Amino acid sequence: MPSAKILEQKKQIVSDLTDKLRRASAGVFVDYRGITVEEDTKLRAEMRKAGVDYAVVKNTLTRFAAKDAGLEGLDEILNGTTALAVSYDDPVAPAKILNEYAAKHENFKIKMGFVEGKVITPAEVKDLADLPSREVLIATVLGTMNAPVTGLVTVLNGTIKGLAVALNAIAEKKAE
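Residues numbered from 1 in each chain as written. Predicted model: local features only at pLDDT ≥ 70, side-chain atom pairs only at ≥ 80, totals over all residues. Heavy atoms only, no water.

*Asks:* Is there a simple way to explain the packing of helix α1 (residues 4–23) against helix α3 (residues 59–69) in this structure?
*Replies:* Helix-helix packing: each pair is described by the crossing angle between the helix axes and the interaxial distance. The N-to-C vectors of α1 and α3 enclose an angle of 50°; their axes lie 8 Å apart at closest approach. Classified by the angle between their axes, α1 and α3 sit oblique to one another. For the element pair α1 and α3, the recorded crossing hand is right-handed. On α3, the residues that touch K10, I13, V14, L17, T18, L21 and R22 of α1 are L61, T62, F64, A65, A66, D68 and A69. Class assignment for the residues of the contact of α1 with α3 results in 9 nonpolar, 2 polar and 3 charged. (Axes fitted to C-alpha atoms, helices over the stretch in contact; angles between N-to-C directions. Helix = DSSP H or I, 4+ residues; strand = E, 2+ residues; numbered from the N terminus. Parallel < 35°, antiparallel > 145°, perpendicular 65-115°, else oblique. Left-handed = near helix turned anticlockwise from the far one by under 90°. Contact = heavy atoms within 4.5 Å. Nonpolar A, V, L, I, M, F, W, Y, C, P; charged D, E, K, R; others polar.)

The structure is reproduced here in structure tokens:
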């Protein structure tokens, strides 16, 4: 039986991991087996740059944390080598980075993911990764909202210009 000190440390790790899972807008579990230290260092740097928290996790402790956080269905994937990437702001970032990385490294596998407390399959993680970035989506929506206004201004401008040309022609005719 583990000592009280070790048991207390493990309880703290579970508590911290539970908090991380609850606060995260999205996360992805991966099997990182077969990648080199150099590749892992590059991946971690890319994750940090995108504001994604990436760490190797212990399966047993993660099992307890996931249960406490209300994430069901993760028991089957929590075996072997497991790392977790979570994002608190951009739900697409961890999926996008890890999906690109998995495409380049055949040993690197996406196990499962979650978005807003709902567990998603590796195929759904890939679909999430294929979404455009948040900035592109916002620009698209704003462009769509702006299009009718731009069209109205163009039509009104054309009508006013046509009226000005017609009045000018009438004025020139009367001047003759």
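*Asks:* I would appreciate a short explanation of the packing of helix α2 (residues 37–49) against helix α4 (residues 93–104) in the present structure.
*Replies:* The N-to-C vectors of α2 and α4 enclose an angle of 155°; their axes lie 10 Å apart at closest approach. Compared by their axis directions, α2 and α4 come out roughly antiparallel. In the packing of α2 onto α4, the handedness of the crossing is right-handed. In this structure, α2 contributes E39, D40, L43, E46 and M47 to the contact, and α4 contributes I97, L98, E100 and Y101.

*Asks:* Looking at this structure, I do not really get the pairing of strand β4 (residues 109–115). What am I missing?
*Replies:* Burial analysis of β4 places 5 of its 7 residues in the buried class, the great majority of the element. Examined bridge by bridge, strand β1 (residues 26–31) and β4 share 6 bridges and lie antiparallel to one another. Directly across from G27, in β4, lies its bridge partner F114. Here 3 bridges tie β4 to strand β5 (residues 118–120), and the two strands are oriented antiparallel to one another. Across the sheet, residue V115 finds its bridge partner in β5, namely K118. (Buried < 20%, exposed > 50% of the residue type's maximum accessible area, 1.4 Å probe, protein only. Pairing = 2+ DSSP bridges.)

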